[in-house]
Amino acid sequence: MTAVHPGRRTAGAVLAVLALFGLLAALTGCGGAAHKAARPAADPAVQQLLDRHAAAVRQHDQRAFLAGVDPRSTRFLAAQRQMFGNLAQVPLADWSYRLVRTGAFPLPPEAGAGDGTRRTAAEVQLRYRLSGYDAQPVVSTSYLTFTERSGHWYVAADDDGESAGKRSAVQLWDQGKVTVVRGAHSLVLGLGDTGTLRGYADDADQAVPQVQHAWGRAGWPGTVVIEAPKTLDQLGALLAADPAGYQDIAAVTTGELGGSAQAPADRVIVNPAAFGKLSAFGRQVVLTHETTHVATRLATTASTPLWLSEGFADWVAYRDAGRTAPEIAPELAHDVDAGHLPAALPTAADFRPTSSDLAQAYEGGWLACRMVADQWSPDRLTALYRTAGTGATLDSVLRSGLDLSPAGFTARWRTYVQQELG
Ligand SMILES: [Zn+2]
């Protein structure tokens, strides 16, 4: 059969990218602008401007919003006008900005220096929630230039920090007009045509009950928010990642590993080109897999092995597929045919997007979870998943859950792989 899912990025991998980006930003932090004692501190005035700016978004008041943008920054002003329009359909429960710090990056030399304009370079956090869908906000960081003239502060640019590696996070509405489609269990925000977005909502609506059947309803809202950019470059920008690595990835889930009910909201982001090449079955598998990540988020932590989180998502997605193991795991079946039975469970490195054994890693994880569900029970599998996220060692997770040592579990899995795929 044709490849069902040309790889699915692990939530962990996406997080690694985002976390690394944040770390680089912290490492390259630079000193603030020269201190001018004679003038009042910028911070309270900038925060007040941000509060007015946020209120204008919440109240759909374009005039008030644009009044906060520097009229001399004509290109930025036009982009902000566009962005405000792009956001019009998005159902916002909340939208706010927090000034994290001024002096966040070195400003480029001033064009009209000496005209009395004061400038400051700030790190600003946007927090927003989608009405009816997000219990917690999505948080994103921007690097903004603010200007002051005659006592008025304005936002003047969002890209002056780029040369210092301070790139403002990109949201879908920065990329184009957002169309909103509502499903029974889903909300789709997209840049494409309504018909395509309706298709995503329909697929997600089928995925959610499947995930609830496997994982239950507790601990997640039972809905999924999908974002659909139009191009691969837009997908890369949304993820702050090199788009080349995502060419064959049909969809990714962003979000923070759980352990806390305060973890930010999740988004499933579809790569339209790769997703569009999938069969109906393939689309269903991908969205059920990603929705499983959303549902299990709070039970998934840094101690959850990737073979378990990715394998579980695939187990849910393929559970009622009615296909044989070699059909679902063709790459690993090929290896086993060639006499290469894996020696160990897939490691975190095997799940890196650049890994040559990425497909085998997913397939091996899927079979490990399927084995637990088949030889013990589906309930035992979900219990194992929950225990693994508590920070317990894998040794204690496997011993308490299955009465096996890691070596014993691996041996049993190898036998199972051989038997199912050989
Ligand atoms: Zn995944």
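Because the structure is a prediction, the values reported are computed rather than measured.

Parameters at a glance
Residues numbered from 1 in each chain as written. Predicted model: local features only at pLDDT ≥ 70, side-chain atom pairs only at ≥ 80, totals over all residues. Heavy atoms only, no water. Helix = DSSP H or I, 4+ residues; strand = E, 2+ residues; numbered from the N terminus. Buried < 20%, exposed > 50% of the residue type's maximum accessible area, 1.4 Å probe, protein only. Contact = heavy atoms within 4.5 Å. Areas by Shrake-Rupley, 256 points an atom, 1.4 Å probe, with all protein chains shown as cover. Axes fitted to C-alpha atoms, helices over the stretch in contact; angles between N-to-C directions. Parallel < 35°, antiparallel > 145°, perpendicular 65-115°, else oblique. Left-handed = near helix turned anticlockwise from the far one by under 90°. Donors = N, O, S within 2.8 Å, 3.2 Å for Na, K, Ca; no water. Phe/Tyr/Trp six-rings, centres within 6.5 Å; stacked < 30°, edge-to-face > 60°. Lys NZ or Arg CZ within 6 Å of the ring centre and 35° of its normal. Expected span 1.5 Å × (residues − 1). Right-handed = clockwise from strand over helix to strand, strands pointing away. Pairing = 2+ DSSP bridges.

> Explain the overall build of the chain to me, please; I cannot follow it from the model alone.
Counting secondary structure elements, the chain contains 15 helices and nine strands. Within the chain, buried positions represent 51% of all 422 residues. Long-range contacts, defined here as pairs at least 24 residues apart, represent 69% of the contacts in the chain between residues at least 6 apart. Surface exposure of the chain reaches about 18300 Å², of which carbon and sulfur atoms provide 52%.

> Where do I start with the packing of helix H5 (residues 194-215) against helix H8 (residues 280-296) in this structure?
Working note: a packed helix pair is described by the angle between its axes plus the distance between those axes. With their axes 8 Å apart at the nearest point, H5 and H8 run at an angle of 55 degrees to one another. By the angle class used here, H5 and H8 are oblique. Both H5 and H8 take part in a crossing whose hand is right-handed. On the side of H5, the interface is formed by Tyr200, Asp203, Ala204, Gln206, Ala207, Val208, Gln210, Val211 and Trp215, while H8 contributes Arg283, Gln284, Leu287, Thr288, Thr291, Thr292, Ala295 and Thr296.

> Would you explain the coordination of the zinc ion in this entry?
The expected angle between donors at a tetrahedral four-coordinate metal is 109.5 degrees. At an octahedral six-coordinate metal it is 90 or 180 degrees. Only His289 (NE2), His293 (NE2) and Glu310 (OE) from the protein reach the zinc ion as donors, at distances of 2.0 to 2.1 Å. In the primary structure, the donors to the zinc ion are separated according to the pattern H-x3-H-x16-E. Taken as a pair, histidine 289 in helix H8 and glutamate 310 in helix H9 (residues 306-318) lie far apart in primary sequence, 21 residues in all. The same class applies to histidine 289 as to glutamate 310, namely buried.

> Help me out: how do you make sense of the packing of aromatic side chains in this one?
Between two aromatic rings, the relevant description is the distance of the centres plus the angle of the planes. Per the counting criterion, the structure on display carries 15 aromatic pairs. Here the aromatic rings of tyrosine 318 and tryptophan 366 are separated by 5.9 Å at their centres, their planes lie at 65 degrees, and the arrangement is edge-to-face. Residue tyrosine 318 is located in helix H9, and its partner tryptophan 366 is located in helix H12 (residues 358-375); the two are separated by 48 residues in the primary sequence. Here tyrosine 318 falls in the buried class, since its relative accessible area comes to 4%. What makes tryptophan 366 buried here is its relative accessible area of 3%. Feature note: the residues Trp95, Tyr97, Tyr128 and Trp173 constitute an aromatic cluster, connected by ring pairs. Sitting over the ring of tryptophan 215, arginine 386 keeps its end group 3.9 Å from the ring centre.

> Any chance you could explain unusual backbone geometry here in plain terms?
A negative phi angle is the norm for most residues apart from glycine, just as the trans form is the norm for most peptide bonds. Notably, serine 150 is not glycine yet its phi reads approximately 50 degrees, a positive angle. With respect to the helices, strands and loops of the structure, serine 150 is situated in the loop between strand S3 (138-149) and strand S4 (152-157). Since its relative accessible area comes to 73%, serine 150 is described here as exposed. In this structure, aspartate 403 takes a positive phi of about 60 degrees despite not being glycine. In this fold, aspartate 403 is placed in the loop between helix H14 (394-402) and helix H15 (406-421).

> Which parts of the structure should I look at to understand the environment of arginine 283?
Position of arginine 283 among the secondary structure elements: in helix H8. Sequence separation between arginine 283 and alanine 251 is 32 residues, and the spatial gap between their C-alpha atoms is 9.5 Å. Those residues within four positions of arginine 283 in sequence are excluded, and the remaining contacts are Asp203, Phe275 and Leu278.

> How should H5 be read in this particular structure?
Residues three or four positions apart in an α-helix share a direction because the helix packs 3.6 residues into each turn. Taking 1.5 Å per residue as the helical rise, H5 with its 22 residues ought to reach 32 Å, and the 31 Å between its terminal C-alpha atoms agrees with that figure. Residues Leu197, Tyr200, Ala201, Asp203, Ala204, Asp205, Ala207, Val208, Val211, Gln212, Ala214 and Trp215 constitute the buried set of H5. Within two residues after H5, glycine 216 carries a phi angle of roughly 100 degrees, on the positive side.

> Looking at this model, I keep getting lost on the pairing of strand S7 (residues 224-228). Mind explaining?
Along a regular strand, successive side chains alternate from one face of the sheet to the other. Across the five residues that make up S7, a large majority, five, are buried. Regarding topology, H5 serves as the crossover connection from strand S6 (residues 186-190) to the parallel S7, and that connection is left-handed. Relative to strand S9 (residues 267-270), S7 runs parallel, the two sharing two bridges. Note on S9: the bridge partner recorded for isoleucine 226 is valine 268.

> What exactly am I supposed to notice about the sheet that holds strand S1 (residues 92-102) here?
Sheet strands associate in pairs through backbone hydrogen bonding, adopting either a parallel or an antiparallel arrangement. What the four strands build is an open sheet, ordered S1-S2-S3-S4; its pairing is antiparallel. Here the strands that pair on one side only, and so sit at the sheet edges, are S1 and S4. Averaged over neighbouring strand pairs, the angle between their axes works out to 40 degrees when direction is ignored. As paired strands, strand S2 (residues 118-130) and S3 are joined by 11 bridges and run antiparallel to one another. When the sheet's bridge partners are listed, alanine 122 is paired in S3 with leucine 144. This element, helix H2 (residues 42-58), spans S1, S2, S3 and S4 of the sheet and lies at about 165 degrees to S1.

The quantities given are spatial measurements derived from coordinates; they are silent on function.
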